[in-house]
Amino acid sequence: MHNRPMAEPVIPLVDQRNGALADQLGRPLRDLRISVTDRCNFRCTYCMPKEVFGKDHPFLPHAALLSFEEITRLARLFALQGVHKIRLTGGEPLLRRHLEGLIEQLAALRTPDGAPLDLTLTTNGSALARKARALKAAGLRRVTVSLDAMDDAVFRRMNDVDFPVAEVLDGIAAAREAGLGPIKVNMVVKRGTNDQEILPMARHFRGTGIALRFIEYMDVGSTNGWRMDEVLPSRELLARLRAEMPLVPLAPTAPGETAERWGHADASGRHDPAAGEIGLISSVTRAFCGSCNRARLSTEGKLFLCLFAGHGYDLRAMLRGGAPDEAIADAIARIWRGRSDRYSELRGTQAAADGEPHVEMSYIGG
Ligand code: SF4
């Protein structure tokens with residue numbers, strides 16, 4: 001089993017401080033990513049390489065996964081601590097059976113001031129055409145779809161299960177028809193693998209109302225063989241785009257937003273909303289840890305404080321050990337208050353090199 005933490009970290013016992021929940025760097029807890037399965041039907045080489053996650057890979061048994069009721073209870077307690085956005089991830093979340101049932105439960109939750117949670121999901125799109133309507137009806141608001149190329153051969157090579165681009169595009173169309181939106185598309189860019197697809201992707205999604213985000217290839221987990229020379233810095237990517245299409249900078253839509261937004265410009269040089277926008281997610285060359293307000297819940301109920309963390313805090317044990325809500329909410333607050341993670345700012349330093357092996361992204365979600 002890859003990078004599963006050895007020793008269980010201790011949940012801190014007491015913390016007397018009051019007021020708005022913030023971590024050691026003053027960052028609030030606003031965004032919770034919940035991995036509902038560690039399984040995926042793709043084997044993207046930068047996330048779940050086939051040679052590591054082969055057919056005999058010991059995925060988690062069902063009993064180890066948090067049930068929908070357990071996930072919803074935790075989500076309710078996180079909402080009490082300030083979370084107002086929940087992103088369902090995996091592995092591939094649409095592989096979790098009856099996921100609509102979980103979405104219905106989460107859609108019924110409210111923040112302390114009575115607002116519904118901003119409920120979204122990241123998917124590889126392989127089952128979206130079939131499920132979009134039911135997801136919307138269950139209460140899902142919007143989706144982010146991963147697509148790494150327009151060229152079918154390149155995409156099939158990257159997902160490494162020979163899955164065609166056309167079916168992902170059908171899924172995106174079905175999501176739009178079902179009223180899920182705004183829809184975002186995430187493309188992981190790996191120099192020498194799919195960087196020739198940057199312009200074809202931008203041309204395809206310009207004017208569709210779908211925001212295309214380019215993600216720098218990251219050293220997530222410990223199995224993707226990451227090398228810095230395969231990272232295409234967002235600055236260089238932007239220059240390639242601007243050589244063909246005019247783009248203007250746009251303001252962030254929310255605190256802690258990971259993407260740097262650029263709008264397609266009209267002839268007068270102003271943003272043309274109908275032409276849409278692109279985003280740059282530059283975790284390697286322009287770290288955004290300073291405003292990172294994201295927590296991650298693994299498939300089996302461990303709370304991770306960073307995508308590049310080596311260990312998580314076992315909330316499932318509290319759930320299944322009969323702990324009352326107050327004790328779990330307290331634990332969440334104490335864990336967050338103790339957080340000082342900022343791996344992307346430290347990448348390349350001795351401190352980062354001395355850190356624990358990174359948990360796999362397929363285990364805690366991107
Ligand atoms: S590296 Fe960790 S702390 Fe920094 S932005 Fe990513 S998840 Fe947040």
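Remember, it's a predicted structure, so these values are computed and weren't measured experimentally. (Residues numbered from 1 in each chain as written. Predicted model: local features only at pLDDT ≥ 70, side-chain atom pairs only at ≥ 80, totals over all residues. Heavy atoms only, no water.)

Caption draft 1: Region of the structure containing helix H1 (residues 68–80). Across its 13 residues, H1 extends 18 Å between first and last C-alpha, which sits within 8% of the 18 Å expected from 1.5 Å per residue. Listed as buried for H1 are Phe68, Glu70, Ile71, Thr72, Leu74, Ala75, Leu77, Phe78 and Ala79. Glycine 82 sits one or two positions beyond H1 and adopts a positive phi of about 120°. (Helix = DSSP H or I, 4+ residues; strand = E, 2+ residues; numbered from the N terminus. Expected span 1.5 Å × (residues − 1). Buried < 20%, exposed > 50% of the residue type's maximum accessible area, 1.4 Å probe, protein only.)

Caption draft 2: The site of the ligand, seen in detail. In the neighbourhood of the ligand, the contacting residues comprise Phe288, Cys289, Cys292, Arg294, Arg296, Cys306, Leu307, Phe308, Arg339, Asp341, Arg342 and Ser344. Here the shell around the ligand is built from residues that sort into 6 nonpolar, 1 polar and 5 charged. (Near = heavy atom within 4 Å. Nonpolar A, V, L, I, M, F, W, Y, C, P; charged D, E, K, R; others polar.)

Caption draft 3: Inspection of the packing of aromatic side chains at higher detail. Per the counting criterion, the structure on display carries 4 aromatic pairs. Taking 5.9 Å as the distance between ring centres and 85° as the angle between the ring planes, the aromatic pair formed by phenylalanine 304 and tyrosine 363 counts as edge-to-face. Residue phenylalanine 304 is found in strand E11 (residues 302–304), and its partner tyrosine 363 is found in helix H12 (residues 361–364); the two are separated by 59 residues along the sequence. On the basis of relative accessibility, which here comes to 0%, the residue phenylalanine 304 falls in the buried class. Judged by its relative accessible area of 2%, tyrosine 363 falls in the buried class. Taken together through their ring pairs, the aromatic side chains of Phe42, Phe155 and Phe163 make up a single cluster. The side chain of arginine 347 reaches across the aromatic face of phenylalanine 308, ending 5.1 Å from its centre. (Phe/Tyr/Trp six-rings, centres within 6.5 Å; stacked < 30°, edge-to-face > 60°. Lys NZ or Arg CZ within 6 Å of the ring centre and 35° of its normal.)

Caption draft 4: Spatial organisation of the environment of leucine 307. Its location among the elements puts leucine 307 in the loop between E11 and strand E12 (313–314). For leucine 307, a relative accessible area of 9% gives the class buried. Separated by 177 residues in sequence, leucine 307 and arginine 130 have C-alpha atoms that sit 30 Å apart. Here leucine 307 is in contact with Met218, Val220, Arg296, Val359, Met361, Ile364, Gly365 and Gly366, once residues within four sequence places are set aside. (Contact = heavy atoms within 4.5 Å.)

Caption draft 5: The pairing of strand E6 (residues 211–216), seen in detail. Taken across its 6 residues, E6 has 6 buried, putting it largely inside the fold. On E6, burial covers both faces: Ala211, Arg213 and Ile215 on one face and Leu212, Phe214 and Glu216 on the other are all buried. Summarising the sheet, strand E5 (residues 184–189) and E6 pair through 6 bridges and their orientation is parallel. Within E6, the position partnered with valine 185 by the bridge is leucine 212. In this view, the connection linking E5 to its parallel neighbour E6 by way of helix H6 (residues 198–205) has right-handed handedness. Note that E6 and strand E9 (residues 277–281) share 4 bridges and pair parallel. (Pairing = 2+ DSSP bridges. Right-handed = clockwise from strand over helix to strand, strands pointing away.)

Caption draft 6: Representation of the pattern of salt bridges in the model. Counted according to the given criterion, the structure contains 26 salt bridges. Between arginine 227 and aspartate 229 there is a salt bridge, with the nearest N and O atoms lying 3.0 Å from each other. What makes aspartate 229 partly exposed here is its relative accessible area of 48%. Each of Arg191, Asp195, Glu236 and Arg240 takes part in one network of salt bridges that share partners. (Salt bridge = Lys/Arg side-chain N within 4 Å of Asp/Glu carboxyl O.)

Caption draft 7: Main features of the confidence of the model for the chain. Predicted confidence across the chain gives a mean pLDDT of 94, with 95% of residues reaching 70 or more. Between residues 1–8, whose pLDDT stays under 50, and residues either more than four places distant or in other chains, the model counts 19 contacts. In the predicted structure, residues 10–18 sits below a pLDDT of 50 and forms 16 contacts with residues beyond four places in sequence or in another chain. (pLDDT = per-residue confidence, 0-100.)

Caption draft 8: Region of the structure containing the nonpolar core. In this structure, Phe214 and Leu241 are the most contacted members of the largest nonpolar core, which totals 115 residues. Discounting chain neighbours no more than four positions away, the residues touching phenylalanine 214 are Met187, Val189, Ile198, Ala202, Leu237, Leu241, Ile278, Gly279, Leu280 and Ile281. (Core = buried A, V, L, I, M, F, W, Y, C linked by side-chain atoms within 4.5 Å.)

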